[in-house]
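Inside the fold
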Amino acid sequence: MRVRLRKGALPLSYVRSPLLMLLLLISGAGVSAQNATTVASTNFEGRTIARIDFAPPDQPLPRDELDRLLPLRTGSPLRSADVHQALQKLFETGRFADVSIDAETAPGPSPGAVVLRISTTLNYFVGGVSIDGVNDPPNRSQLLTASKLQLGAPFAESQAADAIENMQERLRANGLYNAKLRYELQRNPSTEEASIRF
């Protein structure tokens, strides 16, 4: 059996319907909750944590710092409050766009133990913006300003589409109605920087 808890998921203790609780206890299955995230039954509550893995293995914070930050410990019992706190602590670092914690029954000689896998998606920050193929007017600086991408600010790919629209507006204001823009995005996981080239 596998459990998946994500930020924003409703813990089972908040589910009010007795019929739903009965169905969960009989089937041992999870229910769909907020934001289409899954919440599983309490079958893992109190079981010993055999191992904690991170996916991907290379995280922006060193493993010893992550171990210090998180309330989950190998050899300790798994508690939903600790899982919730772990999710909170990881999001509070500002380094992650998404975090989920999966629990599976541990293989091998540890009956009843669980293996936790903490899956993360990095937050990226604007590391550089460049523009090629521009003739005045407008100049590169005007287009960079129009992009509204600020160095060091958090970056989501939807911002590149917004930047293109903003720059096209600037180009139209200068009489360039048929200008075509496209972008290339390079992400560097080791520095968490996204470089955008238009």
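Our structure is the block above this text.
This text gives an overview of the structure that appears in the document. (Residues numbered from 1 in each chain as written. Predicted model: local features only at pLDDT ≥ 70, side-chain atom pairs only at ≥ 80, totals over all residues. Heavy atoms only, no water.)

1. What to know about the overall build of the protein chain
Helix and strand content of the protein chain: 5 helices and 10 strands. Across the 198 residues that make up the protein chain, the buried fraction comes to 32%. Carbon and sulfur atoms provide 51% of the accessible area of the protein chain, an area that totals close to 11,700 Å². (Helix = DSSP H or I, 4+ residues; strand = E, 2+ residues; numbered from the N terminus. Buried < 20%, exposed > 50% of the residue type's maximum accessible area, 1.4 Å probe, protein only. Areas by Shrake-Rupley, 256 points an atom, 1.4 Å probe, with all protein chains shown as cover.)

2. Re the pattern of salt bridges
In total, this model carries 8 salt bridges according to the counting rule given. Notably, a salt bridge pairs Asp53 with Arg51, separated by 2.9 Å at the nearest N-O pair. Assessed through its relative accessible area of 40%, Arg51 is described here as partly exposed. In this structure, Arg197 engages Asp132 in a salt bridge whose closest nitrogen and oxygen atoms are separated by 3.3 Å. Note that Arg197 is positioned in strand β10 (residues 193-197) and Asp132 in the loop between β7 (124-130) and α4 (140-147), a separation of 65 residues in sequence. One salt-bridge network, in which partners are shared between bridges, spans Asp132, Glu184 and Arg197. (Salt bridge = Lys/Arg side-chain N within 4 Å of Asp/Glu carboxyl O.)

3. Re the pairing of β7
Bridge count between β7 and strand β8 (residues 154-155): 2 bridges; the pairing is antiparallel. Residue pairing for β8: Phe125 is matched across the bridge by Pro154. Strand direction decides the pairing type here: β7 and β10, joined by 5 bridges, are parallel. Bridge pairing in β10 places Gly128 opposite Ser195. (Pairing = 2+ DSSP bridges.)

4. Examining helix α5 (residues 158-173)
Look at α5: 23 Å from first C-alpha to last across 16 residues, which is about the 22 Å you get at 1.5 Å a residue. Looking at α5, one finds that the buried residues are Ala160, Ala163, Ile164, Met167, Gln168 and Leu171. Buried residues of α5, seen end-on, are gathered within an arc of 135° and therefore sit on one face of the element. Exposed residues on α5 whose side chains face more than 90 degrees from its buried face are Glu169 and Ala173. Each element contacted by the buried residues of α5 is listed here: α4 and β8. (Expected span 1.5 Å × (residues − 1). Arc of directions from axis to C-beta. Contact = heavy atoms within 4.5 Å.)

5. Describing the packing of α4 against α5
Relative orientation of the contacting elements α4 and α5 amounts to 135°, with a least axis distance of 8 Å. For the element pair α4 / α5, the angle class is oblique. Crossing geometry of α4 relative to α5 is assigned as right-handed. Here Leu143, Ala146 and Ser147 of α4 lie close against α5, whose contacting residues are Ala163, Asn166, Met167, Arg170 and Leu171. Among the residues making up the contact of α4 with α5, the classes are represented as 5 nonpolar, 2 polar and 1 charged. (Axes fitted to C-alpha atoms, helices over the stretch in contact; angles between N-to-C directions. Parallel < 35°, antiparallel > 145°, perpendicular 65-115°, else oblique. Left-handed = near helix turned anticlockwise from the far one by under 90°. Nonpolar A, V, L, I, M, F, W, Y, C, P; charged D, E, K, R; others polar.)

6. Quick word on the environment of Ala103
Mapping Ala103 onto the fold places it in strand β5 (residues 96-105). On a C-alpha basis, the gap between Ala103 and Val115 in space is 5.7 Å, while along the polypeptide they are 12 residues apart.

7. Considering α4
By the burial criterion, the buried members of α4 are Leu143, Ala146 and Ser147. The arc that holds every buried residue of α4, seen down its axis, measures 105°, which confines them to one face. Along α4, exposed side chains directed more than 90 degrees from the buried face belong to Ser141 and Thr145. If you follow the buried residues of α4, they end up packed against α5. Put simply, Asn139 is the residue that caps the front of α4, since its side-chain oxygen is 3.1 Å from the backbone nitrogen of Ser141. Downstream of α4 by one or two residues, Lys148 has phi in the positive range, about 60°. (Polar contact = N/O pair within 3.5 Å; in protein donor to acceptor, adjacent residues only side chain to side chain.)

Note that all results are geometric; they support no functional claim without further evidence.
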